[in-house]
Amino acid sequence: MRRRLPGWLADAALILYFLFALFPVAWMVILSLKPADKLFSTYFSFTPTLESYRTVLGDSEGIPFTRFFVNSLVVSVGAVALSLVVGLPAAYASARWRFKGSENLMFTLLSFRFAPELTVIIPLFVLYQKLGLFDTYVGMVWVLQLVTLPLVVWIMRSYFADLTPELEQAALLDGYTRRQAFLRVALPLVGPGVAAVSLLAFIFAWNNFVFPLILTSHEAQTVTVGALSFLGGDRPRYNLTAAAALVSVVPPLLLALTIQRYLVRGLSFGAVKS
Amino acid sequence: MRRRPALRPYLLVLPALLLTCGILYPFALGLYYTLFDFSAAKPQPDLVRLHNYGTLLSQDAFWNSAWVTVLYAVGAAGAETVLGVAVALLLHRSSPVGRVLEKILILPLMIAPVIAAIIWKLMLQPSVGVVNHLLRPFGLGGVQWTDTPAGALLSSIAVDVWVYTPFVAVLALAGLRSLPGSPFEAAAVDGAGRWYTLRRLTLPMLWPYVLVAVIFRFMDSLKVFDIIYALTEGGPGDSTMVLQIRAYLEAIRFQRYSFGISYTIVLWAVVYLAAMVLVRRLGRIQRGAAEVSG
C-alpha cells in the first residue's frame, strides 16, 4: 500500500485552484487597460491604454474617487489608532490579571465580531442624523471600532499572555512604576505584534462596506462604496469599474504582503498559534 | 503581582468597555424601536409591543429569507472547508510549485468582498462577460448566471468561496505544520498507506484547527451582506434575499425602520446563540485534542 499520488498531479490540482483564485484579478487588469470602444468587441486583441485610470483618478464622470480614497485612509487610520489606544491596555489587563468577569467581558468584545452589522447600523443611522454625525469622519471612526477593537484586544491578549511577567517584575524592583513597566518593558517586547495587528485592523476597516454604505453619503464615503458608483448610470462602464476596483485594492494588498508572516495568528484571533 | 486585587485591571479595561457601550446603546435603542411601529410614514409611532415580531414570523418572506440564509451559509462554509483543506494538504506536500503559490494564497482574502463581487459581476455578465466567452467553445455561451434563481444563489456562494477559501486554507496549513510528527512516523513504520494515514490520522488531528475557521465562516456567512448586495441585490425574485439584505430593504429602502430592525434582531439572536454553542464546543474539542496529542 505504498502507492503515492504522483507529484505532478498534486501540482496540477494546485495550479487549477490558483487559476481560479488569480484569474479574476488578472481579468480586471485587462479590463482596466482596454479602451472604452473595445470593451464589448474583441476580447484579447487591443492596444492597452491608461485612460481608465486617468478618468478614475482624475475624478471625471462626476465621481470624486480620489476623495473617497483619502476618506478611506483617514477613517481606517483613525479607527486603528483609537482601537490601539483603548485596546492595548485592555488586552494587557486581561492577559495579566484574572479579575471577576474578565472572561465574560472578553467574550462580549469578541461577540461583536459575530453581530449582524445592520442591527446597530439602523439605530445609529437615526442617531447620527440627530447628532450631526451622519457622513462625517468622527461618525465613521466611531462605528469602525466594531471591526477593529475586538481584533486588537483578542490578538494582543495572546501576545501579552506569551510574555513572561518576570521582566516587568524586575522593572518594578528597579523602581519603575507599573505604567513605566508597561510602556517601556512590555509594550516594546510585543512591538511586532502591535505592528501586525495594526495593519490587519487597517485592512479590515478599509474593506468594510456596510458602515460607509449606510452612514455616509458623499463627504465621508469610502472607496468600497465609491467603486460601485461606476456601475451605475445609463451604460455600464466596465473599464472604469475595473480600474476603480484595482486602485481600491492596492493599500490592503501592499500591507498584506508585509505582514504575511503574522497573518495566521491575526486571522484566527490567536486561536491557532504557529 | 496578583496579591492586591486592585482596581487597576478594571481601569485599564474601562476605555474599551466605554467604547463598547457606545455600540451597546444603539443596539438597545434598536431593540426598543422594534416595540413601536416606527417608520417614515409614521414619525409619531405607537407602542405595538411584539407586533412587529408577530408579523415577521407569520410572513412567508421571512421564512424564505431564513431558508436562503441557511442554504447560503451551509453551502459557502461547506465548500470553503472542503476546498480549503484540500488546498492546504496539497501545499503541505511542499513541491517547488507549491512553495511559489503559497506566497500568493491570501491574495483574494485581502480584496474587499464587495469589490470581489463587483469583479465577478462583470465576469458573469451573460452576453459580454468573460466566463461565458470562455465557455462558448463548449456550447455553453448563454448561461444566465445571476438571472436565474438557482444560478444567482450558486454564483453568490461561488464569490464567497473565491474570497474565503484562502482563510480556511491558511488556518488548515498552520494546523498541519503544528501537528506532532511521531504518530506519522509510527504509521509509516506500520506500513500504513497514504489514504489510510490521511483519513485516520491527518484529518482527525487537523479537525480542531480547521474548526476555528469553519465556525468563523459559518457565523460570517449567516450575516452576509456585501457580496449579495453588489452581485444580485437579493434577486431574481427573492432567490438570494438573505436576512441582512431583507432588513436593509425594509429599513433603509422602504423606511419601515422598526420592521427592518426586527429582522436583524432575530438574526442576531440566532447568530449569538450559535456562537455560544459553537465556541463552547470548540473549547471542549480543542482540550480533548490537547489531551490526546500531548
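Residues numbered from 1 in each chain as written. Chains lettered and ligands numbered in written order. Predicted model: local features only at pLDDT ≥ 70, side-chain atom pairs only at ≥ 80, totals over all residues. Heavy atoms only, no water.

1. A look at the overall build of chain A
Here is the rule: Elements are defined by DSSP. Helices are runs of H or I of four residues or more, strands are runs of E of two residues or more, and each kind is numbered from the N terminus. Each residue is placed in one exposure class: buried if its accessible area under a 1.4 Å probe, protein chains only, is under 20% of its type's maximum, exposed if it is over 50%, and partly exposed if it falls in between. Contacts: residue pairs with any heavy atoms within 4.5 Å of one another. Methods summary: accessible areas were calculated by the Shrake-Rupley approach with a probe of 1.4 Å, and residue burial reflects only the protein chains presented. His residues and chain termini do not enter the charge count, which takes Lys and Arg as positive and Asp and Glu as negative. The atoms used to mark charge sites are NZ of Lys, CZ of Arg, CG of Asp and CD of Glu.
Along chain A, the regular secondary structure elements total 13 helices and zero strands. Order of helices (α) and strands (β) in chain A, N terminus to C terminus: α-α-α-α-α-α-α-α-α-α-α-α-α. Over its C-alpha atoms, taken along the principal directions, chain A stretches across nearly 75 × 70 × 35 Å. The buried share among the 274 residues of chain A stands at 58%. Considering only contacts within chain A whose residues lie at least 6 apart along the sequence, 74% involve residues at least 24 apart. Total accessible area on chain A stands at roughly 11,700 Å², and carbon and sulfur atoms take up 66% of it. Here chain A holds 21 positive side-chain charges and 14 negative ones, and the gap between their average locations is 9 Å.

2. Looking at the overall build of chain B
Secondary structure assignment for chain B yields 12 helices and zero strands. For chain B, the α and β elements follow one another from N to C terminus as α-α-α-α-α-α-α-α-α-α-α-α. Overall, the C-alpha framework of chain B stretches about 75 × 75 × 30 Å when taken along its three principal axes. Buried residues in chain B amount to 51% of all 294 residues. Restricting the contact set of chain B to residue pairs at least 6 apart, pairs at least 24 apart contribute 69%.

3. So, the packing of aromatic side chains
Going by this rule: Only Phe, Tyr and Trp rings are paired, with Trp represented by its six-membered ring, and only when their centres lie within 6.5 Å; those with planes under 30 degrees apart are stacked, over 60 edge-to-face, the remainder tilted. For a ring to carry a charge above it, either NZ of a lysine or CZ of an arginine must fall within 6 Å of the ring centroid while also lying within 35 degrees of the normal to the ring plane.
Scanning the entire structure with this criterion turns up 27 aromatic pairs over all chains. Judged by centre distance (5.2 Å) and plane angle (75 degrees), the ring pair of tyrosine 92 of chain A and phenylalanine 160 of chain A falls under edge-to-face. With a gap of 68 residues between them, tyrosine 92 of chain A in helix α3 (residues 65–96) and phenylalanine 160 of chain A in helix α6 (residues 137–162) connect regions that are remote in the sequence. The interplanar angle of 80 degrees and the centroid separation of 4.9 Å between the aromatic rings of phenylalanine 62 of chain B and tryptophan 63 of chain B together place this pair among those described as edge-to-face. In this structure an aromatic cluster arises from ring pairing among Tyr17, Phe18 and Phe20 of chain A together with Trp120 and Trp162 of chain B. Lying across the ring of tryptophan 154 of chain A, arginine 157 of chain A places its NZ or CZ 5.5 Å from the centre. Of note, arginine 217 of chain B hangs over the ring of tyrosine 164 of chain B, and the distance from its end group to the ring centre comes to 3.4 Å.

4. Some remarks on the UniProt feature "transmembrane region" (unreviewed entry) in chain B
Stated formally: UniProt positions are given in the numbering used here, feature names are shortened, and annotations may be inferred rather than shown by experiment.
Annotation from UniProt places "transmembrane region" (unreviewed entry) at residues 12–35, 66–92, 104–123, 161–180, 201–219 and 257–279 of chain B. Between the C-alpha atoms that bound residues 66–92 of chain B the distance is 38 Å, and the span itself is 100% helix and 0% strand.

5. So, the interface of chain B and chain A
Frequently, the measure chosen for interface size is the accessible area that the parts lose on association. How we decide: The buried area of a pairing is the accessible area, by a 1.4 Å probe, that goes missing from both parts when the two are put together, added over both. By definition, a salt bridge exists where a carboxyl oxygen of Asp or Glu is found within 4 Å of a side-chain nitrogen of Lys or Arg. Polar contact criterion, stated in full: a pair of N or O atoms within 3.5 Å, where within protein one must be able to donate a hydrogen and the other to accept it, and residues adjacent in sequence count only if both atoms are side-chain atoms.
Across the boundary between the two partners, chain B contributes 98 residues, which contact 90 residues of chain A. Summing the contributions of chain B and of chain A, the shared interface buries around 8,700 Å²; its carbon and sulfur component is 80%. At the surface where chain B touches chain A, the tally comes to one salt bridge. For the salt bridge of lysine 223 of chain B with glutamate 117 of chain A, the shortest nitrogen-to-oxygen distance reads 3.6 Å. Across the contact surface, chain B and chain A share nine residue pairs in polar contact (both at pLDDT 80 or more). Looking at the side of chain B that touches chain A element by element, the count peaks at 19 residues for helix α1 (residues 8–33) of chain B.

6. Comments concerning the domain arrangement of chain A
Residue and element names in this part refer to chain A. Worth spelling out the cut-off: Residue ranges assigned to each domain were obtained from an automatic or database domain assignment.
Examined at the domain level, chain A breaks down into domain 1 (7–53) and domain 2 (65–271). On the side of domain 2, eight residues touch domain 1, which itself brings 12 residues to the contact. Summed over both sides, the interface between domain 1 and domain 2 buries roughly 790 Å², with carbon and sulfur atoms accounting for 81% of that surface. Scanning the region where domain 1 abuts domain 2 turns up zero salt bridges. On the surface where domain 1 and domain 2 come into contact, there are one residue pair in polar contact (both at pLDDT 80 or more).

7. Section: the confidence of the model for chain B
For clarity, the threshold we go by: As a per-residue measure, pLDDT reflects the predictor's confidence and takes values from 0 up to 100.
Confidence in the prediction for chain B averages 87 pLDDT; 96% of positions are at 70 or higher. Taken together, the chains of this predicted complex give a pTM of 0.89 and an interface ipTM of 0.88.

8. What about the nonpolar core?
Applied cut-off: What is meant by a nonpolar core is a set of buried Ala, Val, Leu, Ile, Met, Phe, Trp, Tyr and Cys residues, joined one to another through side-chain atoms within 4.5 Å.
Counting residues in hydrophobic clusters, the biggest one holds 189 residues, and the most contacted among them are Met156 and Phe160 of chain A together with Ile115 of chain B. When residues of this core are assigned to their parent elements, the largest contribution, 16 residues, is made by helix α7 (residues 149–178) of chain B. Counting the residues that make up this core, at least three belong to each of domain 1 (7–53) and domain 2 (65–271) of chain A. Those residues in contact with methionine 156 of chain A that sit more than four places away from it in its chain are Leu88, Ala91, Val190, Gly193, Val194 and Val197 of chain A.

9. Some remarks on the UniProt feature "domain: ABC transmembrane type-1" (unreviewed entry) in chain B
In the UniProt entry, the feature "domain: ABC transmembrane type-1" (unreviewed entry) is given for residues 66–278 of chain B. The span residues 66–278 of chain B is 74% helix and 0% strand, and its two end C-alpha atoms sit 20 Å from each other.

10. Some points on a positive patch on the surface
Put simply, the test is: Note that patches include only residues with greater than 30% relative accessible area and no salt bridge, and the join distances are 9 Å for like charges and 5 Å for nonpolar side chains (Val, Leu, Ile, Met, Phe, Trp, Tyr).
A grouping of Arg280, Arg281, Arg284 and Arg287 of chain B is seen on the molecular surface, where their side chains present a positively charged patch. Along the chain, the position of arginine 284 of chain B falls in helix α12 (residues 257–293).

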